[in-house]
Amino acid sequence: MPTTQFDKESIKQSIIGKLQRYNGRTLEDATDQQIYNAVASTVRDQIMQKWVKYRETDKDYTGKRLYYLSVEFLTGRSLHCNILNLCSTQEYLEALNELGLDWHRIFREEPEPGLGNGGLGRLAACFLDSLSSLSMPAMGCTIRYEYGLFRQRILGGQQVEVPDSWLDNGNVWEVSAMEDVCVVHFGGHVEMVNEDDRIKFVLKGYHSIEAVPYDMPVAGYGCDTVNTLRTWRARAPKNVDETNYMGGSYSRALQEQELASMISKVLYPEDNNYEGKQLRLKQHYFFTSATLQYALKDFKRRFGTNFMLIPEKMTIHINDTHPGLAIPEFMRLLMDEEGLGWDEASWIVQHTIAYTNHTVMSEALEKWPEQMMAELLPRIYMILQEINRRVCLRLADHYQNGEDPRIAKMAITAYGMVHMANLCVAMSYSVNGVSQLHGEILKNDTFKDYYEFMPAKFTAITNGITHRRWLMACNTGLRNLICDTIGDQWIREPERLQDLLPYRDDAAFRAEFAKIKRHNKELFSDMLMQRQKMSVDPDFMFDVQAKRLHEYKRQLLNALHIMVLYNRIMDDPNFTMVPRVFIFGAKASPAYYLAKQIIRLIIAISKLIDRTPRAKKFLRVVFMENYDVSGAESLIPAADLSEQLSTAGKEASGTGNMKFMMNGAVTMGTMDGANVEIYEQVGQDNIYIFGMRADTVSDLYREGGYAPMHIYENNAELRHALTQIIDGTLFPDNPATLQDIYHYLLFSDPYFVLKDFGSYSMAQRRVDQDYRLQDKWLRMAITNTACSGVFSSDRTIKEYNDRIWHLK
Ligand code: 26Q
């Protein structure tokens, strides 16, 4: 294992020195927050040193660079992972110990940047860690939201959203890069001017917003690479209109400042759902334009104006369609600012942009009203229309028929809307899905016509997670056990985790594995006590479903099953089961009514059980408040069972499923997304698969759904549980509270909760039986950890590089 350059003594001195210089405090009278700041700045100093060196070598770099554009980067806290990647864990542990400091308590002081909703944002963060650790030159680019995803409180059994002002105490990890401030234009109109016998398009009467970049270092594990995560902040240009001030319009100037800063004010709390808000469109264009201006500036610094070299020297990767305006913006910069013709600009763009799709949910596919686009971004809109005209011409030619119905489905602008996914597919050189199944669905369904038209650009690359954060940092017990057992090569080559397989048969190893799981459950319980004054019994089985709340993820299936268990306990005096605590973590989008009702249901079930002594012996339900990256880091290592219940065909990949697996939880899942590949890795004896397969689901959709009432009539247990939603069992004072859920399930059930219930319930019976055989269960758990190596994002990034980026 690589070793750090920083010894324990200098770390201690440096922490004490910083407290003295910055806070005028000694260690004894400093607050935890001041101590966190001091510790973090010692780590930052080390990273800055590396960063300077890396940038120095980077100046002469003539190879290809990756820009990874994403509207979300859900990084989570940095301190622990930075220490880990600097290979200074041992030294810091000892230093903090000797200073009498509790490492967990200090780490907790770091505010968590919640710059993402869920999977897509967290994936981007894992990718950056792997890119640096594999020494690939890359820059992540996003928006510096002043408010990240809301903090969730539970009040009166319901979700309440509280603003997350994560920057209140400053951010140790960022530095501004004033030399790269640039301007982004909105509104106005386009004029045609004749210049040197060329027609030029010029935007007039626009409104300017300044984009200010802040850089966060991303240090790779045990290497010299320090890439950058660049976040853009919006502000009004200071000196445009001094007459404003002179004419006494000072307050108007302030208002403009206020208005401009709105663009980077808040992250939209939508996950797998699209809302066509103008401010959101502004956000997307704002950070995309700023990023491309910078990328082009950097290209010119490195290679001058030989623009045809661009595809060889950079890749612009867009994380879903949200940064898709990179396409027309790139065209605009090349044509209007650099004087290239349409054909050259279009060729460059089509060889530089790569696009990843993350969802097949139709409500998440991004479309913008043409009217809005035309008013907000007139020149961009013109370019989109021209792209559309040319694409449609090519299609008409291809189909030998200008009236072919496929053309309207594939058009970029149609029926008054701009279709971002069509734009991205038509204009990028690579389109990829995020699991094998998802890749197939993209080709055969979502983008079927495009696939037939341009098959070569379609591919599938299964998601991954960084094993550095999601095993080494969050589960130190397991990390140490693995290192003691098979050495530390797995850290660089995670697929070597396979070497653990023979130890399934080693009783001493199993006992150690069990001890660690038990300890992690205790740690989780402590954390829960500290966060929400609740505890859980570590002797219970931990059955966990943690992910955004969405109909298709089917938290309802889990909730109904818990009600059925409750009834079995209450109705049969001889009933017995392995004691289980069902733990949920889930934020609902604030405007998503049904999702919020489902949270109410889960909490109501939890309360029902808590007031029923007999049920409490076997069952508990815990709703973990404000599930975030730090919460996940504590919850996942404690889990026994991982619930991955999405309707088959709907979850593009899932990444939580991989984190649980890596930490030795067994999956209960449908054949959906990456669950399919987990199944392939561990084999049928080490996973619980249930429910309809994706092809059956899609057949059912084609037939127009099904009649949930039939199932209600034929399954007495399910009928009982459903009735309890509205008969006062849960809400004695107001039985109708959740009647919408009841009606939804009985008369619509678009995600087949009732249809899959029987199969789910059967699989859960097997879990109960198997868990009693602790040796059998431990073997399954160990198998899961041992087979999780392929789900490291290092493997994912290598595949992106081999098939799409070709960085080195
Ligand atoms: C787009 C436009 C306007 C408003 C909102 C949106 C929007 C925002 C977020 C659309 C989608 C998202 C998030 C999608 C997402 O997180 N998808 C998840 O991506 C993961 C990483 O690939 C997959 O593992 C998950 O299966 C997928 O659900």
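Before reading on, note that the structure itself is shown above.
Below is a summary of the structure that appears in this document. A quick note: this is a predicted structure, and the numbers were derived from the prediction, not measured. (Residues numbered from 1 in each chain as written. Predicted model: local features only at pLDDT ≥ 70, side-chain atom pairs only at ≥ 80, totals over all residues. Heavy atoms only, no water.)

### Notes on the overall build of the chain
Here is step 1: Along its length, the chain carries 35 helices and 23 strands.
Here is step 2: Its C-alpha atoms give the chain a radius of gyration of 27 Å, near enough to 28 Å, the size a compact globule of 808 residues would have.
Here is step 3: C-alpha atoms of the chain, sized along the principal axes, occupy 90 × 70 × 60 Å.
Here is step 4: Taking the intrachain contacts of the chain between residues at least 6 apart in sequence as the baseline, contacts between residues at least 24 apart amount to 77%.
Here is step 5: The distance from the centre of the 90 positive side-chain charges to the centre of the 103 negative ones in the chain is 2 Å. (Helix = DSSP H or I, 4+ residues; strand = E, 2+ residues; numbered from the N terminus. Rg over C-alpha atoms; globule rule 2.2 N^0.38 Å. Contact = heavy atoms within 4.5 Å. Lys, Arg positive; Asp, Glu negative; His and termini not counted. Charge placed at Lys NZ, Arg CZ, Asp CG, Glu CD.)

### Points about the site of the ligand
Here is step 1: Near the ligand you find 21 residues, and of these Asn273, His358, Asn463, Glu651 and Gly654 are the closest.
Here is step 2: A distance of 2.8 Å separates an oxygen atom of the ligand from a polar side-chain atom of asparagine 463.
Here is step 3: Summarising the interface, the protein chains cover 98% of the accessible area of the ligand, which totals 610 Å² for the free molecule.
Here is step 4: Broken down by element, the residue count for the shell around the ligand peaks at three residues, all from helix H6 (residues 119-133).
Here is step 5: The class makeup of the residues in the shell around the ligand is six nonpolar, nine polar and six charged. (Near = heavy atom within 4 Å. Polar contact = N/O pair within 3.5 Å; in protein donor to acceptor, adjacent residues only side chain to side chain. Areas by Shrake-Rupley, 256 points an atom, 1.4 Å probe, with all protein chains shown as cover. Nonpolar A, V, L, I, M, F, W, Y, C, P; charged D, E, K, R; others polar.)

### Examining empty space enclosed by the protein
Gaps left between atoms show up when a probe the size of a water molecule is rolled over them.
Here is step 1: Scanning all chains against the criterion turns up five cavities of 30 Å³ or more.
Here is step 2: Quantified by volume, the largest cavity comes out at close to 310 Å³.
Here is step 3: Lining the largest cavity are 18 residues, with Thr75, Ser78, Asn82, Val218 and Arg469 positioned closest to its centre.
Here is step 4: Its residues placed into classes, the lining of the largest cavity shows nine nonpolar, five polar and four charged.
Here is step 5: For the second largest cavity, the calculated volume is near 130 Å³.
Here is step 6: Taken together, 15 residues make up the lining of the second largest cavity; nearest its centre are Tyr36, Pro111, Gly170, Asn171 and Val172. (1 Å grid on protein atoms, 1.4 Å probe; cavity = no way out; pocket = protein on both sides within 12 Å on 5 of 7 lines; lining within 4 Å. Points joined across faces, edges and corners; volume = space filled by probe spheres on them.)

### Details of the sheet that holds strand E21 (residues 641-644)
Here is step 1: If you walk across this open sheet you meet the six strands as E20-E19-E18-E21-E22-E23, and the pairing is parallel. The open sheet terminates on both sides in strands that have one partner only, identified here as strand E20 (619-624) and strand E23 (688-689).
Here is step 2: Across six bridges, the pairing between strand E18 (residues 541-546) and strand E19 (residues 580-585) is parallel. Considered in E19, the bridge of alanine 546 is made with glycine 585.
Here is step 3: In the packing of helix H22 (residues 507-532) onto the sheet, contacts are made with E18, E19 and E20, and the angle to E20 comes to roughly 60°.
Here is step 4: Across the sheet, helix H23 (residues 555-571) lies against E18, E19, E20 and E21, angled at about 155° from E19, the strand it touches most. (Pairing = 2+ DSSP bridges. Axes fitted to C-alpha atoms, helices over the stretch in contact; angles between N-to-C directions.)

### Re the pattern of salt bridges
Here is step 1: Counting across every chain of the model gives 53 salt bridges.
Here is step 2: Here lysine 18 makes a salt bridge to aspartate 45, at a shortest N to O gap of 2.7 Å. Placement of the pair is lysine 18 in helix H1 (residues 8-23) and aspartate 45 in helix H2 (residues 32-59), with a sequence separation of 27 residues.
Here is step 3: Classification of lysine 18 by relative accessible area gives buried; the value is 4%.
Here is step 4: Since its relative accessible area comes to 32%, aspartate 45 is described here as partly exposed. (Salt bridge = Lys/Arg side-chain N within 4 Å of Asp/Glu carboxyl O. Buried < 20%, exposed > 50% of the residue type's maximum accessible area, 1.4 Å probe, protein only.)

### Let's talk about the pairing of strand E7 (residues 189-195)
Here is step 1: Of the strand pairs in this sheet, E7 and strand E8 (residues 198-204) are connected by seven bridges, and their pairing is antiparallel. Residue pairing across strands places asparagine 194 opposite isoleucine 199, the latter belonging to E8.

### A few points about the environment of glutamate 440
Here is step 1: Within the secondary structure, glutamate 440 sits in helix H17 (residues 436-446).
Here is step 2: In sequence terms glutamate 440 and glutamate 195 are 245 residues apart; their C-alpha atoms lie 49 Å from each other.

### Some thoughts on the nonpolar core
Here is step 1: Counting residues in each nonpolar core, the largest one holds 91 residues, and the members touching the most others are Phe286, Phe330, Leu334 and Tyr450.
Here is step 2: If you tally residues by element for this core, the top one is helix H9 (residues 278-303), at 11 residues.
Here is step 3: Sequence-distant contacts of phenylalanine 286, that is, excluding residues within four places in its chain, are made with Val184, Phe186, Ile209, Glu210, Ala211, Trp232, Arg233, Ala234 and Ile263. (Core = buried A, V, L, I, M, F, W, Y, C linked by side-chain atoms within 4.5 Å.)

### Some points on the side chain of aspartate 129
Here is step 1: Mapped onto the elements of the fold, aspartate 129 is located in helix H6.
Here is step 2: In this structure the side chain of aspartate 129 is engaged in a polar contact, spanning 2.7 Å, whose partner is the side chain of threonine 466.
Here is step 3: Within the structure, the side chain of aspartate 129 is placed 2.7 Å from the side chain of arginine 468, a separation counted as a polar contact.
Here is step 4: Setting aside chain neighbours within four positions, we find aspartate 129 in contact with Asn85, Val218, Thr466 and Arg468.

### Some thoughts on the packing of aromatic side chains
Here is step 1: For the structure shown, the criterion picks out 20 aromatic pairs.
Here is step 2: Centroid distance phenylalanine 524 to phenylalanine 542: 6.1 Å. Interplanar angle 75°. Geometry classified as edge-to-face. Separated by 18 residues along the polypeptide, phenylalanine 524 in helix H22 and phenylalanine 542 in strand E18 bring together distant segments of the chain.
Here is step 3: Across from the ring centre of phenylalanine 150, 5.4 Å away, lies the NZ or CZ of lysine 587, which sits over that ring.
Here is step 4: The aromatic ring of tryptophan 470 is capped on one face by lysine 659, whose charged end is 4.5 Å from the ring centroid. (Phe/Tyr/Trp six-rings, centres within 6.5 Å; stacked < 30°, edge-to-face > 60°. Lys NZ or Arg CZ within 6 Å of the ring centre and 35° of its normal.)

### Side note on the environment of leucine 325
Here is step 1: As for its position among the elements, leucine 325 is in the loop between strand E11 (314-319) and helix H11 (326-337).
Here is step 2: Owing to a relative accessible area of 1%, leucine 325 belongs among the buried residues under this scheme.
Here is step 3: Residues leucine 325 and leucine 608 lie 283 residues apart in sequence; the distance between their C-alpha atoms is 50 Å.

### Considerations on H11
Here is step 1: Judged by how many residues are buried, H11 sits mostly within the fold: 11 of 12 residues are covered.
Here is step 2: For H11, the complete set of buried residues consists of Ala326, Ile327, Pro328, Glu329, Phe330, Met331, Arg332, Leu333, Leu334, Met335 and Asp336.
Here is step 3: Glycine 339, located one to two residues past H11, shows a positive phi value of around 80°.

### Considerations on helix H34 (residues 774-786)
Here is step 1: Under the 1.5 Å per step criterion, the end-to-end length of H34 is 18 Å for 13 residues, consistent within 8% with the ideal 18 Å.
Here is step 2: Taken together, the buried positions of H34 are occupied by Trp777, Leu778, Met780, Ala781, Ile782, Thr783, Asn784, Thr785 and Ala786. (Expected span 1.5 Å × (residues − 1).)

### Focus on the pairing of E11
Here is step 1: Of all six residues that make up E11, six are buried, and the element is covered over most of its length.
Here is step 2: Side chains Met314, Ile316 and Ile318 of E11 all project onto a buried face; the interleaved residues Thr315, His317 and Asn319 project onto the opposite face, where all are buried too.
Here is step 3: Where strand E1 (residues 65-69) and E11 come together, five bridges link them in parallel fashion. Across the sheet, the residue bridging to leucine 66 is threonine 315, located in E11.
Here is step 4: Here E11 runs beside strand E12 (residues 353-356); their pairing, made up of four bridges, is parallel. Within E12, the residue paired with histidine 317 across the bridge is alanine 354.

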